[in-house]
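Descriptive structure summary
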Amino acid sequence: MRIGILTSGGDCPGINATIRGVCKTAINHYGMEVVGIHSGFQGLLDDDMEAFDAENLSGLLGMGGTVLGTSRVKLFPRRSADNHSEKAARMMDTIKRRGLDCLVCIGGSGTQATAARIDQLGVNVVTIPQTIDNDIPLTDSSIGFDSAVEVATEAIDRLHSTASSHKRVMVIEVMGHEAGWLALHSGMAGGGDIVLLPELPYKMRNLGNVIIDRLKRGKPYSIVVVAEGIYTDGSTRKRAAEYIAQEIEYETGFETRETVLGYLQRGGTPTSFDRNLATLMGGYAAGLIANRQFGRMVALQGETVTSVPLVEVAEKRKLVTADHPLIVQGKRMGVCFG
Ligand code: F6P
């Protein structure tokens, strides 16, 4: 078997560990050939790839980013159900010319959707969920999420001292696209007083009451964690943190400052959890190929690494629900979710 591996969409810590897990298992355990495709699906359009052997794979376990590079190229017209685009034809030509028996696609929700359409063209595909957003259905965690939570939590920890020193409200914006997983997990781990998620409505009056109540209880400062995708006034072009900070200052009179954590959440070395998840998922993907089980995404369900049909994941989002244990428990401890 000759497999082509690619990484697509937003990068994060843990991708290189995943590449290592797939390739070392495929080469050493199953005797397969591996080709590393550069810049995500763009590498299939440009026939831009390199043969991988065990030597290429040293030093990858703890390295951030992706040695293959990534892109957000769209192979198929978003709205069209037709999978036969000019780009798709170029991709199929490359796959055939290179004699690739299977594609391993590592990426987020966009990658899963593209891989599902490639699968419908009759190409053998196996995917691995990787995104700091953790918004891919049917897997408890995506590679990179734990590492991003760690970065965001450490950043939130750092805000408490400056908030109390200056008697300020500190607002920090974390990534997550349209989902609130990163804000929920880091907001609770970092001791946020207010945590705003795209999935839950909020009222500025409620936020103001929480901040004033804290003042009356001798805590003239607050930490507000907001997901980048929360609802803001439709007319504004401000970032979520800037919008919320200004609204809080207007509502309470408190001096308020905002921090947008941005791409720091996508960098650095993966946590041990993400390294081991990448190793297990990468190895499982190689096993699916060896057993000729295609059209599937590797998934973590509880403690078990398994796989699910790609068609059940594509074009879908996993979003936070109000009954999540961290929300239920947070509310019991006085955390405001809006
Ligand atoms: O999907 C991962 C992510 O970091 C999102 O959380 C964020 O909204 C988006 O990528 C940023 O996209 P780009 O890297 O293209 O700026």
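Basis of the calculations
- Residues numbered from 1 in each chain as written.
- Predicted model: local features only at pLDDT ≥ 70, side-chain atom pairs only at ≥ 80, totals over all residues.
- Heavy atoms only, no water.
- Domains from an automatic or database assignment.
- Contact = heavy atoms within 4.5 Å.
- Buried area = accessible area lost by both parts, 1.4 Å probe.
- Salt bridge = Lys/Arg side-chain N within 4 Å of Asp/Glu carboxyl O.
- Buried < 20%, exposed > 50% of the residue type's maximum accessible area, 1.4 Å probe, protein only.
- Helix = DSSP H or I, 4+ residues; strand = E, 2+ residues; numbered from the N terminus.
- Pairing = 2+ DSSP bridges.
- Phe/Tyr/Trp six-rings, centres within 6.5 Å; stacked < 30°, edge-to-face > 60°.
- Lys NZ or Arg CZ within 6 Å of the ring centre and 35° of its normal.
- Axes fitted to C-alpha atoms, helices over the stretch in contact; angles between N-to-C directions.

Some details on the domain arrangement of the protein chain
For the protein chain, the assigned domains are domain 1 (2-144 + 270-312) and domain 2 (149-266). If you average the C-alpha positions of domain 1 and of domain 2, the two centres end up 35 Å apart. Each partner contributes residues to the interface: domain 1 has 10 residues there, and domain 2 has 9 residues. Buried area between domain 1 and domain 2, both sides added, is near 780 Å², and the carbon and sulfur share of it is 54%. At the junction of domain 1 with domain 2, the criterion picks out 1 salt bridge.

Here we look at the pairing of strand β1 (residues 2-8)
Where burial is concerned, most of β1 is hidden: 6 out of the 7 residues are buried. Sheet topology places β1 next to strand β4 (residues 102-107); 6 bridges connect them, and they run parallel. Each residue of the ladder has a partner; that of S8, found in β4, is G107.

Some words on the packing of aromatic side chains
As enumerated under the stated definition, the model contains 0 aromatic pairs in all. Looking at R214, its charged tip hangs above the ring of Y221, at a distance of 5.3 Å from the centre.

As for the sheet that holds strand β9 (residues 256-260)
Spatially, the 4 strands line up as an open sheet ordered β7-β8-β6-β9, and their pairing is parallel. The open sheet has two free edges, formed respectively by β7 (194-196) and β9, since each of these has just one partner strand. Within the sheet, the average angular offset between the axes of one strand and its neighbour, ignoring direction, is 15 degrees. By the bridge criterion, 5 bridges tie strand β6 (residues 169-174) to β9 in an arrangement that is parallel.

Side note on the pairing of strand β10 (residues 296-301)
When strand β5 (residues 125-129) meets β10, the two strands line up parallel, connected through 2 bridges. When the bridges of β10 are listed, T127 appears paired with M297. Where β10 lies against strand β11 (residues 304-309), 6 bridges are found, and the strand directions are antiparallel. Counted as the bridge partner of R296 is P309 from β11.

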